[in-house]
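# Structural overview for review
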Amino acid sequence: MEASSSTSHDPALFHAPLLHHPRRRSSRPLKGFAVIFGSVVFLLSLVILIVNQSPEPLASNPSSVTEAGSYSMAAQPRGIAEGVSAKSNPSLFDKVGFNWTNAMFYWQRTAYHFQPQKNWMNDPDGPLYHKGWYHLFYQYNPDSAIWGNITWGHAVSKDLIHWFYLPLAMVPDQWYDINGCWTGSATLLPDGRIVMLYTGSTNESVQVQNLAYPANLSDPLLLQWLKYPGNPVVVPPTGIEDNEFRDPTTAWLGPDGSWRITVGTRFNTTIGTALVFQTTNFSDYQLLDGVLHAVPGTGMWECVDFYPVAINGSVGLDTTALGPGIKHVLKASLDDTKVDHYAIGTYDMITDKWTPDNPEEDVGIGLKVDYGRYYASKTFFDQSKQRRILYGWVNETDTEADDLEKGWASIQTIPRSVLYDNKTGTHLLQWPVEEVESLRLNATVFKDVVVEAGSVVPLDIGTATQLDILAEFEIETLVSNSTEDEVSDCGDGAVDRNTYGPFGVLVIADDSLSELTPIYFRPLNISNGSLETYFCADETRSSKAPDVTKRVYGGKVPVLDDENYNMRVLVDHSVVESFGEGGRTVITSRVYPTEAIYGAARLFLFNNASGVNVKATLKIWEMNSAFIRPFPFEETLFQEMVAST
């Protein structure tokens, strides 16, 4: 529900191409000044309170800081030696550290994205829906804000937005997982049972697949989990490296009545591979001949996901769904590049082989799930609303020393619904779950705002730290024909001008545009005279801090003849999730501004094209914060609510 009706504004142009840093503007209009002034005073008071109450660094203990400092001399990122993907940014350790304040660190924590109360988090694990509750498990270090001692954290929600933390679900306490309870998946059986398969790192650092199940299925919170006494249930097959065999998928039921799972691995160090195992009881497994699929040159496949999509449907499908009118998505997280890739294709249920629709855009060499800072994604089928939901891990891009001072590291994306894009036949559509709209507060509408070539337009919405932005753009060509040589992709960022772009929004920006994060379209001429469009995010001027990774992200996005350029952007402090053309291309960004924070965060339109004017229409909601806190076991009301489910 919206807290108030929409209002419209007609902002004045602010001519300042992003090629240059414009001078500071005059004060904001008097309209709504009293409300804005009160908000600023409140926020400043909050900052002062935070600073005064936190005179010391937020690190949990001095030894942790020493550990991070000593690690900065290591030759490889954290996690590599243990046989998992990199969990740190060692390339940043030789850069001069920024003098972060506690108020800056406090601002970086998100308001409506899921993250633990403290410490390190990575991959989402075993998401499922059970007795009225959504369950999210996740890789977690209960002792520190850096990777290590990996257990399974656990949280539940009624709506995928407001979350309750629960006690740890699984800890590394057996020989077969003593070096870590790593990523896994849940399977809901037809009789109501739940089985959880997860990778354990043994006492000899061998990666094996283990079975666990709830101690009490009648418990809607699934608080207690039991490990199968006969673990491990799957060990690395002959020819597979002991430390390159992990992350079992949700199982699907074959036409022969037996279940299949896929586990990621590699052959000859370079061939990314998904193996298929068959089982009837989830404790005994047979490796099937051949592989589900393999792609040379893509390296180790982690966190493989395999699921069906309906080619003419508007709902998701259970993982077991087979038959006509169904395509299958194969997704892998590439250990070599730290990028999630997917492809759409056909699954042969008799031979247990999957074939991509377009071999030139096979897994690992074509489409990405998300073109930004995003990894280890996992889907599940939400049987309560007949939809497939996607989670993804978003890690930090600062240093471990900074994370130790903050006391936390990493978030999960807003859950996304996933559908087959039947208009293009080549892409998936990802979109924030509808429940996030419950956080929308007052809305502001801007209609037909003309953004001239080489200009920036301020949008008078006040503080712009938590937003949900819907924007649509039309272009008006100013030149009869463009013959300039235009380089493909997102170029060098928003400063890289061409005839038709870039144009879009500037989020988490300050008044002087000394810090900003452009989210934009970049249409380019191609040889046949048509336009090829890229959807991009530019972090290069998002922060003045040198010890932060700042990149230009993006990918090609189809814009059909009957479509305008449209985007949706979720802004939540240090994370920006951007959805181009209904979610055909998605980008997640992490930003750590030093000035564009609290009441100084602003929103702008921009058009850095040289040959077009842009007309923009936007609807922008301020977003409320989500309630994310420990489960109130002591409160009678909640005990009754749990009992009723």
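Residues numbered from 1 in each chain as written. Predicted model: local features only at pLDDT ≥ 70, side-chain atom pairs only at ≥ 80, totals over all residues. Heavy atoms only, no water.

## Examining the overall build of the protein
Test applied: Think of it this way: any DSSP run of H or I at least four residues long counts as a helix, any run of E at least two long counts as a strand, and we number them from the N terminus. It only takes one pair of heavy atoms within 4.5 Å for two residues to be counted as in contact. With residues, only the protein chains shown are counted as cover, and all accessible areas are computed by Shrake-Rupley using a 1.4 Å probe.
Check the secondary structure of the protein and you find 5 helices and 38 strands. Of all intrachain contacts in the protein linking residues separated by at least 6 positions in sequence, the fraction that spans at least 24 positions is 67%. As displayed, the protein has an accessible area near 24700 Å², and 53% of this comes from carbon and sulfur atoms.

## Things to note about the environment of alanine 251
For the record, the criterion: Throughout this description, buried means an accessible area under 20% of the type-specific maximum (1.4 Å probe, protein chains only), exposed means over 50%, and partly exposed covers the range between.
Note on placement: alanine 251 falls in the loop between strand 10 (245-246) and strand 11 (252-253). By relative accessible area, which is 2% here, alanine 251 ends up buried. Expressed as a C-alpha distance, the spacing of alanine 251 and isoleucine 261, which sit 10 residues apart in the sequence, is 4.7 Å. Contact partners of alanine 251, with chain neighbours within four places excluded, come to Thr187, Trp259, Arg260, Ile261, Phe282, Thr319 and Thr320.

## Digging into the packing of aromatic side chains
Stated precisely, the cut-off is as follows: Between 30 and 60 degrees the pair is tilted, below 30 it is stacked and above 60 it is edge-to-face, where a pair is any two Phe, Tyr or Trp rings, Trp via its six-membered ring, whose centres lie within 6.5 Å.
For the coordinates displayed, the defined rule picks out 32 aromatic pairs. For the pair tryptophan 152 and tyrosine 198, a centre-to-centre distance of 6.0 Å together with 65° between the ring planes defines the contact as edge-to-face. Here tyrosine 198 lies in strand 7 (residues 194-201) and tryptophan 152 lies in strand 4 (residues 151-157), a separation of 46 residues in the sequence. For tryptophan 152, a relative accessible area of 1% puts it in the buried group. Residue tyrosine 198 is classed as buried on the basis of its relative accessible area of 0%. Each member of the aromatic cluster is reached from another via a ring pair, and the members are Phe114, Tyr138, Tyr140, Trp163 and Tyr165.

## A short note on unusual backbone geometry
Each neighbour pair has its own omega, and for asparagine 231 with proline 232 the value is 0°, a cis peptide bond. Topologically, proline 232 is positioned in the loop between strand 9 (225-227) and strand 10. Phi is positive for asparagine 149, which is not a glycine, with a value near 50°. A relative accessible area of 40% places asparagine 149 in the partly exposed class. We note that threonine 269 has phi near 65°; this positive angle belongs to a residue other than glycine. Mapping threonine 269 onto the fold places it in the loop between strand 12 (259-267) and strand 13 (271-279).

## Quick notes on the side chain of threonine 183
Put simply, the test is: Definition of a polar contact: a pair of N or O atoms within 3.5 Å, with one able to donate and the other able to accept a hydrogen when the atoms are protein atoms, and with sequence-neighbouring residues admitted only if both atoms are side-chain atoms.
Following the sequence through the fold, threonine 183 ends up in strand 6 (residues 181-188). Polar side-chain contacts of threonine 183 include one of 2.7 Å to the side chain of aspartate 123. When residues no more than four places from it in sequence are discounted, the contact partners of threonine 183 are Asp123, Pro124, Asp125, Gln139, Trp152, Tyr198, Thr199, Asp247, Pro248, Cys303 and Lys378.

## Considering the environment of glutamate 241
Secondary-structure assignment places glutamate 241 in the loop between strand 9 and strand 10. On the basis of relative accessibility, which here comes to 29%, the residue glutamate 241 falls in the partly exposed class. For glutamate 241 and phenylalanine 267, which are 26 residues apart along the polypeptide, the C-alpha to C-alpha distance reads 8.5 Å. Each residue touching glutamate 241, except ones within four places of it in the same chain, is listed here: Pro236 and Arg266. Polar contacts involving the side chain of glutamate 241 include one to the side chain of arginine 266, which spans 2.8 Å.

## Considering the sheet that holds strand 17 (residues 326-334)
As a reminder, the rule being used: Each pair of strands is called paired provided DSSP finds at least two bridges between the two strands. Note on geometry: axes are C-alpha line fits, over the in-contact stretch for helices, and angles between N-to-C directions span 0 to 180 degrees.
Here 4 strands make up an open sheet; going across it, the order is 16-17-18-19 and the pairing antiparallel. Looking along the sheet, the strands with just one partner apiece sit at the ends: strand 16 (301-310) and strand 19 (353-356). Each neighbouring strand pair of the sheet contributes to a mean axis angle of 40°, computed without reference to strand direction. Across 4 bridges, the pairing between strand 18 (residues 339-348) and strand 19 is antiparallel.

## Concerning the environment of asparagine 395
As for its position among the elements, asparagine 395 is in the loop between strand 21 (387-394) and helix 4 (400-406). Sequence separation between asparagine 395 and serine 410 is 15 residues; the distance between their C-alpha atoms is 4.3 Å. Once residues lying within four places of it in the same chain are set aside, the contact partners of asparagine 395 are Arg373, Ser410 and Arg590.

## Some words on the sheet that holds strand 22 (residues 408-409)
The mixed open sheet is built from 6 strands, whose spatial order is 22-2-3-4-5-38. Looking at which strands have only one partner, the edges of the open sheet turn out to be strand 22 and strand 38 (628-630). Pairing geometry for strand 3 (residues 133-141) and strand 4, over 7 bridges, is antiparallel. Within strand 4, the residue paired with tyrosine 134 across the bridge is serine 157.

## A few points about the pattern of salt bridges
Defined as follows: Salt bridges are defined by distance alone: a side-chain nitrogen of Lys or Arg within 4 Å of a carboxyl oxygen of Asp or Glu.
The final tally for this structure, using the stated rule, is 35 salt bridges. The partner of aspartate 468 in a salt bridge is arginine 440, with the nearest N and O atoms 3.0 Å apart. Pair noted here: aspartate 468 is in strand 28 (residues 466-477) and arginine 440 is in strand 26 (residues 440-451), with a separation of 28 residues, a long-range link. Of the two residues examined, aspartate 468 and arginine 440, each falls in the buried class. A single network of salt bridges, built from pairs that share partners, joins Glu241, Glu244, Arg246, Arg266, Glu302, Asp335 and Lys338.

## Observations concerning the pairing of strand 29 (residues 503-509)
Side-chain positions along a regular strand alternate between the two faces of the sheet. Buried residues dominate strand 29, accounting for 7 of its 7 residues. Bridge count between strand 29 and strand 36 (residues 602-607): 5 bridges; the pairing is antiparallel. Among the inter-strand pairings, alanine 509 is bridged to a residue of strand 36, identified as arginine 602.

## What to know about the nonpolar core
Our working rule: In this description, a nonpolar core means a group of buried Ala, Val, Leu, Ile, Met, Phe, Trp, Tyr and Cys residues linked to one another through side-chain atoms lying within 4.5 Å. Residue ranges assigned to each domain were obtained from an automatic or database domain assignment.
Residues Ile469, Phe473, Val505, Val507, Leu603, Leu605 and Leu618 are the most contacted members of the largest nonpolar core, which totals 61 residues. Broken down by element, this core gets its largest block of residues, 5 residues, from strand 37 (residues 612-623). The residue makeup of this core includes at least three contributed by each of domain 1 (112-432) and domain 2 (440-623). The contact partners of leucine 603, leaving out residues within four places of it in the chain, are Pro458, Leu459, Ile461, Ala464, Leu467, Ile469, Val505, Leu506, Val507 and Ile620. Listed in part, the 26 residues of the second largest apolar core include Met121, Tyr129, Tyr140 and Phe380.

## Details of the side chain of serine 157
Inspection of the secondary structure puts serine 157 in strand 4. A relative accessible area of 0% means that serine 157 is categorised as buried. At 2.6 Å, the side chain of serine 157 forms a polar contact with the backbone oxygen of histidine 162. In contact with serine 157, not counting residues within four places along its chain, are Gly132, Trp133, Tyr134, His162 and Trp163.

## A short note on the confidence of the model for the protein
As a reminder, the rule being used: For every residue, the predictor states its confidence as a pLDDT score lying anywhere from 0 to 100.
Across the protein, pLDDT averages 88, with 84% of residues at or above 70. Note on residues 9-16: pLDDT is under 50 here. Beyond four places in sequence and across chains, it has 34 contacts. Of the regions scoring below 50 in pLDDT, residues 19-74 engages in 63 contacts with residues more than four places distant in sequence or in other chains.

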